[in-house]
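# Tertiary structure, described
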Amino acid sequence: MIDLKNLTIESIHQDFINKEYTCTDLVNAYFVKIEEVNKDYNIYTSLVKESALNQAKLVDEKILKNEPLRKLEGIPFSVKDSICTLEGKSQAGSNILKDFESTYNATVIGKILNEGAILIGKTNCDSFGHGSSTKNSDYGITKNPYSLDHVAGGSSGGAAASVALNTCTFAIGEDTGGSIREPASFCGVYGLKPSYGRVSRYGAMAYGSSLDTIGELANNINDIEIIQDIIEGLDDKDTTTIDGKTKNQKLKTKTIGIIKEFDGEGLDSRIKDLFYKKIEEYKAKGYSVKEFSMPSIKYAVAAYYLIACSETSSNLSRFDGVKFGFRAPDSTKLEDMYLQTKEQGFSFETKKRIILGTYALSAGYADKYYKKACSARNLIKQELEKILEEVDVVLAPTSPVLPFEINPKIEMDPMTEYLADIYTVVPSLAGVCGLNIPIGFVEKLPVGMQVIGGVLNENNVIEFAKI
Amino acid sequence: MQIVDEDKIRHIAKLSKIALKDEDVPVLAKQIEQILEYVEQLNEIPDNIEPLDNLTGNFNRLREDVVVDFNNKEKIISNAPKSKDGFILVPKVLDN
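Residues numbered from 1 in each chain as written. Chains lettered and ligands numbered in written order. Predicted model: local features only at pLDDT ≥ 70, side-chain atom pairs only at ≥ 80, totals over all residues. Heavy atoms only, no water.

### Some words on the overall build of chain A
Counting secondary structure elements, chain A contains 15 helices and 13 strands. Overall size of chain A, expressed as C-alpha extent along the three principal axes, is 70 × 65 × 50 Å. Classification of the 467 residues of chain A by burial places 66% in the buried group. Long-range contacts, defined here as pairs at least 24 residues apart, represent 76% of the contacts in chain A between residues at least 6 apart. Accessible surface for chain A amounts to roughly 16500 Å². Of this, 50% is attributable to carbon and sulfur atoms. Treating the 53 positive side-chain charges of chain A as one cloud and the 63 negative ones as another, the clouds have centres 3 Å apart. (Helix = DSSP H or I, 4+ residues; strand = E, 2+ residues; numbered from the N terminus. Buried < 20%, exposed > 50% of the residue type's maximum accessible area, 1.4 Å probe, protein only. Contact = heavy atoms within 4.5 Å. Areas by Shrake-Rupley, 256 points an atom, 1.4 Å probe, with all protein chains shown as cover. Lys, Arg positive; Asp, Glu negative; His and termini not counted. Charge placed at Lys NZ, Arg CZ, Asp CG, Glu CD.)

This is how it looks when you write it as structure tokens:
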């Protein structure tokens, strides 16, 4: 029996070399674990067992011949359903892509596979990333690894749970306004949202193109560092990608920034206590803490939802039933086919966001809504970047609330759920990087803290997380 | 003051090419109204703040125009809900 709990990329490679177990043993062990937990927790939307085992066999042959191992050779990983992979299905958590199989791998997937990693399955998410609980997935809710009565978070809820429940070594997720960081926080794992443009999105199903980022989730910070190093960089197929010139900039000020406005009335006092306890730990290690004010934060959630929904209304227009995915049956006319395909194929939340976005962009309203949101974004970016110039990192709770309870009797107010994104949408709007690190538990539910760094300063937040 | 009513929601849904179910219209009207009321606060932002819509400053990064062959054409066609002889089929576009 392999103890799946404390595996890291490095420890697995050591075990391979020491013949503690084979790669086939490892892949089989993960699939046994998936079998054991998937029914209750609803993590995976499709599995690729056969090709995973075939690949594992090749790795085992390599090990027998003492050939050198690539950086991720034989390391099993999961991928969020909204990122295209040749193996398995790519359904984006939506019925409109039920059983869809991609004809190519996303750039990040290609990079990871080139280092020898083994894809084992696709993970559940809110349809097209539209949500923070996986309640908006057409494939059911992913349950919290620490409590079946609570959500895993979202939209990359399956990704976070896949790592937390030790069904794979690392997970690839996607984060538009918190979709890696919030589920990582709810599930007690590490999750990095890189700076905007740091990692190619080619092959990811776009939600809000000016915000979307691809990143990774894992049980330890060293694995995050290894994967981030592999997936980042320029890509001709995503013209927003930027070159990493400022990489390896070292932490130098020994100062941590915290933001006054984040300590608002919506913050659960138990999360607040854990957060400030953590701050005290850094003080004890010689860090000074500086408090800043960021007045533009009050606009963040409004700006985020207007921008993201405007962009999603444009991005999702491609799902029209013509070339791929679901087509409403029995349409005799083209226009009718469009109308019925979208009505039947999209989740309620997705339709709501498309309609909100279409409204915000429509003639006569674009100046009032979309443009104002972009102005708010400018203020947020300027204020946050100015703060980040003075400190090593900014720290904040990742979510003001604990994982939401799954209770069909209590209908959660949609606006309340949006407002809970406040700490994660700020770095998203500014295009900077943010890393969730687990800092403890309230009752039995995990709590996370966000380490925020400047554009291209992933290295800083990772180094900081190791302290 | 009400910002959107049910007629407005139906109109926007039509622009978005979504045939909403009747029972969803009042729910959407209520929820979108709630969001629009919340975002009203953005009007406080002075007009002289430039809207930011390009984060990286990248603009029209060009590449060589080289044809790259794609070797999975059959799968693209087979992904279509309906196809025949390598063509994608759709319902009638025009009447008569």
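### A short note on the packing of aromatic side chains
All names here are of chain A. The final tally for this structure, using the stated rule, is 20 aromatic pairs over all chains. Taking the centre distance of 5.6 Å and the plane angle of 90° together, the rings of F186 and F404 count as edge-to-face. Of this pair, F186 sits in helix α6 (residues 181-187) while F404 sits in the loop between β11 (393-397) and α13 (414-419), and the two are 218 residues apart along the sequence. Here F186 matches F404 in class, with each residue buried. (Phe/Tyr/Trp six-rings, centres within 6.5 Å; stacked < 30°, edge-to-face > 60°.)

### Observations regarding the packing of helix α7 (residues 221-231) of chain A against helix α15 (residues 458-465) of chain A
Residue and element names in this part refer to chain A. One can describe the packing of α7 onto α15 by two numbers: an axis separation of 9 Å at closest approach and a directional angle of 165°. The angle between α7 and α15 falls in the class roughly antiparallel. In this structure, α7 meets α15 at a crossing whose hand is left-handed. Contact with α7, carried on its side by I221, I224, E225 and Q228, involves E458, N459, I462, E463 and A465 of α15 and no other residues of that element. (Axes fitted to C-alpha atoms, helices over the stretch in contact; angles between N-to-C directions. Parallel < 35°, antiparallel > 145°, perpendicular 65-115°, else oblique. Left-handed = near helix turned anticlockwise from the far one by under 90°.)

### A few points about the nonpolar core
Soluble globular proteins tend to bury their nonpolar side chains together. In terms of nonpolar packing, the biggest core is built from 160 residues, with F170 and L395 of chain A touching the most fellow members. Here F170 of chain A is in contact with L72, I75, P76, F77, S78, I112, A117, V163, L217, A218 and I227 of chain A, once residues within four sequence places are set aside. (Core = buried A, V, L, I, M, F, W, Y, C linked by side-chain atoms within 4.5 Å.)

### Some words on the sheet that holds strand β7 (residues 190-193) of chain A
All names here are of chain A. The mixed open sheet is built from 11 strands, whose spatial order is β1-β3-β2-β6-β8-β7-β12-β13-β11-β9-β10. Each edge of the sheet is formed by a strand with only one pairing partner; in this case those strands are β1 (44-47) and β10 (288-292). Sheet twist, expressed as the mean angle between neighbouring strand axes with direction ignored, is 30°. Bridge analysis of β11 against strand β13 (residues 445-453) gives 4 bridges, and the strand direction is antiparallel. Its bridge partner being in β13, A396 is matched across the sheet by Q450. Strand contacts of helix α8 (residues 269-284): β9 (255-259), β10, β11, β12 (433-442) and β13, with the helix running at about 110° to β12, the strand carrying the most contacts. (Pairing = 2+ DSSP bridges.)

### Let's talk about the layout of surface pockets
Reported here for the largest pocket is a volume of approximately 1000 Å³. Along the wall of the largest pocket there are 48 residues; nearest its centre are M412, D413, P414, T416 and E417 of chain A. Looking at the lining of the largest pocket, the elements with two or more residues in it are α9 (300-315), α11 (348-361), α13 and α14 (422-430) of chain A together with α2 (24-39) of chain B. A class-by-class count of the residues in the lining of the largest pocket yields 25 nonpolar, 11 polar and 12 charged. Along the walls of the second largest pocket sit 34 residues, with Y104, G203, A204, A206 and R318 of chain A positioned nearest its centre. (1 Å grid on protein atoms, 1.4 Å probe; cavity = no way out; pocket = protein on both sides within 12 Å on 5 of 7 lines; lining within 4 Å. Points joined across faces, edges and corners; volume = space filled by probe spheres on them. Nonpolar A, V, L, I, M, F, W, Y, C, P; charged D, E, K, R; others polar.)

### Structural notes on the packing of α11 of chain A against helix α1 (residues 6-15) of chain B
Look at α11 of chain A against α1 of chain B: their axes get within 9 Å of each other, and the N-to-C directions meet at 95°. As summarised for this structure, α11 of chain A and α1 of chain B are arranged roughly perpendicular, according to the angle between their axes. Taking contact as the criterion, the partners of I355, T358 and Y359 of chain A in α11 of chain A are, on α1 of chain B, K8, I9, I12, A13 and L15 of chain B. Grouping the amino acids of the contact of α11 of chain A with α1 of chain B by side-chain chemistry returns 6 nonpolar, 1 polar and 1 charged.

### A short note on the side chain of K193 of chain A
All names here are of chain A. For K193, the location among the structural elements is in strand β7. Among buried charged residues, K193 stands out as having no salt bridge; its nearest opposite-charge side chain is D175, 5.7 Å away. Excluding residues within four positions of it along the chain, K193 makes contact with D175, R181, T213, P427, S428, V432, C433 and G434. (Salt bridge = Lys/Arg side-chain N within 4 Å of Asp/Glu carboxyl O.)

### Notes on the pattern of salt bridges
The full count for this structure, using the stated rule, is 33 salt bridges over all chains. Of the charged contacts in the structure, one is a salt bridge between R70 of chain A and E73 of chain A, with a shortest N-O distance of 3.0 Å. Put simply, E385 of chain A and K381 of chain A hold a salt bridge, and the shortest N to O gap is 3.0 Å. Linking E385 of chain A with K381 of chain A, this pair stays in helix α12 (residues 367-390), spanning 4 residues, or about one helical turn. In this structure, a network of salt bridges that share partners links the residues E343 and K351 of chain A together with K21 and D24 of chain B.

### Here we look at the interface of chain A and chain B
Chain A puts 70 residues into the contact, and the matching count from chain B is 55 residues. At the boundary of chain A with chain B, total buried surface from both sides reaches about 5600 Å², with 65% on carbon and sulfur atoms. Three residues, T103, I355 and K372 of chain A, lead the burial of chain A against chain B; their summed loss comes to 12% of the area buried on that side. Here chain A and chain B share 6 salt bridges between them. (Buried area = accessible area lost by both parts, 1.4 Å probe.)

### Remarks on the pairing of β9 of chain A
Residues and elements named next belong to chain A. The buried count for β9 comes to 5 of 5 residues, which makes it a mostly enclosed element. Here β9 shows a buried face lined by T255, G257 and I259 and a second buried face lined by I256 and I258. For β9 and β10, the ladder comprises 5 bridges, and the chain directions are parallel. Pairing of T255 across the sheet is with S288, part of β10. Handedness of the crossover joining β9 and β10 through α8 is recorded here as right-handed. As defined by bridge partners, β9 adjoins β11 across 3 bridges and the pair is classed as parallel. Among the inter-strand pairings, G257 is bridged to a residue of β11, identified as V394. (Right-handed = clockwise from strand over helix to strand, strands pointing away.)

### A word on the confidence of the model for chain B
Residue and element names in this part refer to chain B. Mean pLDDT over chain B stands at 92; residues scoring 70 or higher make up 99%. Summarising per-element confidence for chain B, the mean pLDDT is lowest in helix α3 (residues 73-78) (92) and highest in α1 (97). As scored by the predictor, the complex reaches a pTM of 0.97 and an ipTM of 0.95. (pLDDT = per-residue confidence, 0-100.)

### Re the environment of V426 of chain A
Residues and elements named next belong to chain A. Tracing the backbone through its elements, the reader meets V426 in helix α14. For the pair V426 and T341, spaced 85 residues apart in sequence, the C-alpha separation works out to 34 Å. Here V426 is in contact with F262, M294, I297, A300, I380 and L384, once residues within four sequence places are set aside.

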